[in-house]
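# Observations on the three-dimensional arrangement
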Amino acid sequence: MPKDTATDDHVKDSFYDLLESKVTSKEEIEKNFMSLRKVILSYGIGEPKQNPDGKTTFRGHVWKLLLGVLHQDTKDPVEEYRRLVKLGKALKYKTRNGKTSYDAIRHDSYRTLIGAKIFDIKTQEPKVIRVLNAYVHKTEKAYNQGLNALVAPFLVCMNEMDAFYCSHRLLEEMVPTYSMSYELGRQRFYLGARAACYLADRVLHEVDPELRECLLKYKLFTGSTTPVSNFHNMYTFRHMQVLALSAQPLEEVIQLWDLFFALGLHMHVVAYVAQLILIRHKLMDEKANLNDHLNQHVWPKVNARAVTSLTTYLMPKLSDELVEDLKDHVTDRELCLRLVSEYLKV
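Here, residues in each chain are numbered from 1, in the same order as that chain's written sequence. For a predicted model such as this one, the threshold for reporting local features is a pLDDT of at least 70, and the threshold for listing and counting side-chain atom pairs is 80 or more; totals across whole chains, interfaces and linings nevertheless cover every residue. For the side-chain quantities, the full set of heavy atoms in the structure was used; hydrogens and water were omitted.

Before going further, it helps to examine the overall build of the chain. Strands here are runs of E lasting at least two residues and helices are runs of H or I lasting at least four, both read from the DSSP assignment and numbered beginning at the N terminus. The secondary structure content of the chain amounts to 18 helices and 2 strands. Taken over C-alpha atoms, the radius of gyration comes to 20 Å for the chain, in line with the 20 Å a tight globule of 346 residues would show. Its C-alpha atoms give the chain principal-axis dimensions of roughly 55 × 50 × 35 Å. Taken over 346 residues, the chain has a buried fraction of 56%. Here the contacts in the chain between residues at least 6 apart in sequence split such that 72% fall between residues at least 24 apart. Positive charges are assigned to Lys and Arg, negative charges to Asp and Glu, while His and the chain termini are left out of the count. Note that the charge is assigned to NZ on lysines, CZ on arginines, CG on aspartates and CD on glutamates. Across the chain, the mean location of the 47 positive side-chain charges is 6 Å away from that of the 44 negative side-chain charges. All radius of gyration figures rest on C-alpha atoms, and the globule criterion is 2.2 Å times the number of residues raised to 0.38. Accessibility here uses a 1.4 Å probe with only protein chains present; expressed as a share of the type maximum, an area under 20% marks a residue as buried, one over 50% as exposed, and anything in between as partly exposed. Residue contacts are counted whenever heavy atoms from the two residues lie within 4.5 Å of one another.

With that out of the way, let us pick up helix 13 (residues 267-278). How far a helix is expected to stretch is found by multiplying one less than its residue total by 1.5 Å. The first and last C-alpha atoms of helix 13 sit 16 Å apart over 12 residues, in line with the 16 Å expected at 1.5 Å per residue. Of the residues making up helix 13, those classed as buried are M267, H268, V269, V270, A271, Y272, V273, A274, Q275, L276 and I277.

Before going further, it helps to examine the side chain of D258. Along the chain, D258 falls in helix 12 (residues 250-263). A polar side-chain atom of D258 sits 2.8 Å from a polar atom in the side chain of W63. Beyond its immediate sequence surroundings of up to four residues, D258 is in contact with I40, I45, R59 and W63. Pairing of N or O atoms within 3.5 Å defines a polar contact, subject to two protein rules: one partner must be a possible hydrogen donor and the other a possible acceptor, and residues neighboring in sequence count only if both atoms are side-chain atoms.

This next bit is on the packing of aromatic side chains. The rule is short: rings of Phe, Tyr and Trp, with Trp giving its six-membered ring, pair when the centres are within 6.5 Å, and they are stacked under 30 degrees, edge-to-face over 60, tilted in between. Taken as a whole, this structure holds 10 aromatic pairs when the rule is applied. Their ring planes at 35° and their centres at 5.0 Å tell us that Y81 and F164 sit as a pair that is tilted. Separated by 83 residues along the polypeptide, Y81 in helix 4 (residues 77-86) and F164 in helix 8 (residues 160-174) bring together distant segments of the chain. We classify F164 as buried; its relative accessible area is 1%.

Let's shift gears to the packing of helix 3 (residues 58-67) against helix 7 (residues 147-157). Close contact between helix 3 and helix 7 brings their axes to 8 Å; oriented N to C, the two are set at 130°. Taken together, helix 3 and helix 7 sit at an angle that is classed as oblique. Across from R59, G60, W63 and L67 in helix 3, the residues of helix 7 making contact are P153, F154 and C157. Three classes are used: nonpolar for Ala, Val, Leu, Ile, Met, Phe, Trp, Tyr, Cys and Pro, charged for Asp, Glu, Lys and Arg, and polar for all others, with Gly counted as polar. Its residues assigned to classes, the contact of helix 3 with helix 7 shows 5 nonpolar, 1 polar and 1 charged. Axis definition: a line fit to C-alpha positions, over the contact stretch in the case of helices; interaxial angles, taken between N-to-C directions, run 0 to 180 degrees. An angle counts as roughly parallel when it lies under 35 degrees, as roughly antiparallel when it exceeds 145, as roughly perpendicular when it falls between 65 and 115, and as oblique in every other case.

Another point: a negative patch on the surface. For patches, a residue must show more than 30% relative accessible area and have no salt bridge; joins then use 9 Å for like charges and 5 Å for nonpolar side chains, namely Val, Leu, Ile, Met, Phe, Trp and Tyr. Reported accessibility uses the Shrake-Rupley method at a 1.4 Å probe radius. Residues are deemed covered only where the shown protein chains occlude them. Any carboxyl oxygen of Asp or Glu that lies within 4 Å of a side-chain nitrogen of Lys or Arg is treated as forming a salt bridge with it. Judged by side-chain charge, E206, D320, E321 and E324 come together as a negatively charged surface patch. Looking at the negative patch, the element that brings in the most residues is helix 17 (residues 320-329), giving 3 residues. Position of E321 relative to the elements: it lies in helix 17.

The next thing to look at is the packing of helix 4 against helix 8. Any two packed helices are characterised by how steeply their axes cross, that is the angle between the axes, and by the distance between the axes. Across the interface, helix 4 lies against helix 8 with an axial gap of 10 Å and an inter-helix angle of 85°. With respect to helix 8, the element helix 4 is oriented roughly perpendicular. For the pair helix 4 and helix 8, contact is made by P77, V78, E80, Y81 and L84 and by E160, M161, F164 and Y165, respectively. Broken down by class, the residue content of the contact of helix 4 with helix 8 amounts to 7 nonpolar, no polar and 2 charged.

The topology assignment puts V340 in helix 18 (residues 333-343). A residue is classified by how much of its surface remains accessible, and V340, at 3% relative accessible area, is buried. For the pair formed by V340 and W299, sequence separation is 41 residues and the distance between their alpha carbons is 25 Å. Once residues lying within four places of it in the same chain are set aside, the contact partners of V340 are Y182, L191, R194 and A195.

Moving on, we get to the nonpolar core. Buried Ala, Val, Leu, Ile, Met, Phe, Trp, Tyr and Cys residues that are joined via side-chain atoms within 4.5 Å together make up what is termed a nonpolar core. Ranked by size, the top nonpolar core spans 122 residues in total, and within it F119, F154 and W257 carry the most contacts. Of the residues forming this core, the biggest block, 10 residues, is contributed by helix 9 (residues 191-207). In this structure F119 touches T112, L113, Q124, V128, A152, L155, V156 and L250, once residues within four positions along its chain are discounted.

The next subject is the pattern of salt bridges. One pass over the full model with this rule turns up 14 salt bridges. With its nearest N and O atoms 2.9 Å apart, the salt bridge here joins K141 to E172. Taken together, the residues span a long stretch of sequence, with K141 in the loop between helix 6 (121-139) and helix 7 and E172 in helix 8 at a distance of 31 residues. In this structure, R338 and E342 form a salt bridge, with 3.0 Å as the shortest nitrogen-oxygen distance. Linking R338 with E342, this pair stays in helix 18, spanning 4 residues, or about one helical turn. With a relative accessible area of 37%, R338 lands in the partly exposed category. In the salt-bridge network here, residues are joined through shared partners; they are R202, D325, R338 and E342.

Listed as buried for helix 5 (residues 101-109) are S101, Y102, A104, I105, D108 and S109. Looking down the long axis of helix 5, one finds its buried residues gathered within 160° of arc, a one-sided arrangement. On its buried face, helix 5 sits against helix 6 and helix 7. It is the directions from the helix axis to the C-beta atoms that the arc portrays.

See below:
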């Protein structure tokens, strides 16, 4: 693995010692992973920068390891990706509104993380389009809106082929419920993200019931019938759907992804609550207008270290049942259906 520039050579050397370890026993491998996770939480991997060369950076290699993208189940990953790209436009698989997946991808691709300093949409859009078309061809499933955003952090940190395999691993094995859909009346929702809204509400109820009560008192008009679903439909769902990428700046959110990959993708739900608590004083103000603080366009800038610190502080305070549901909801469809059913009654 080529080494790139690091802000802390000592930390980087520790990472490579772990990545290049020759141990083979399950216990030693898990011990090394635990050490890697501790280093990530203690020191971070540095601030991500624009990657004009499109090479896999040090963070990209760490992410691949944490995601298990080692190409052990693919004889020739380069050839497989070339084959998928050569299939061209994903025209076969139609979205619910009748669009081809290719048309839906193009509808999203040009607006992927607009304004992010380290993601140049002009140069990255062709890669986004190729990766998403290849993903549709490989999975034989229609494109879901919002997947373009989830591809972007990988393209910042690694080459296009690695970004494809990491995106596929994330969506199909790490958080498969987030690309599952279900219908309620005439509306169609993404199941995992909708369940995550209810879990975020439960986290908030356990760690800061006073803030939760304050947030739910606002009169919101989203077509929902309960204060809980009103609030989370308005402010939470988008964050759940794209794993915190609604927040800015991207440099800080990518560092939150370090946390999610190190400790589990369920951590993004707790990290969302941590962000609410960090601006608690503003939200609890009697004169506060939620849209002035939580609207997608004015969401408070993320401080990754502060959010990571508070998130890891909150986790031990959660009930065992809630922690189990948090961990399982990213892969368990039946659990998500039950959570959504409960969520709509609250």
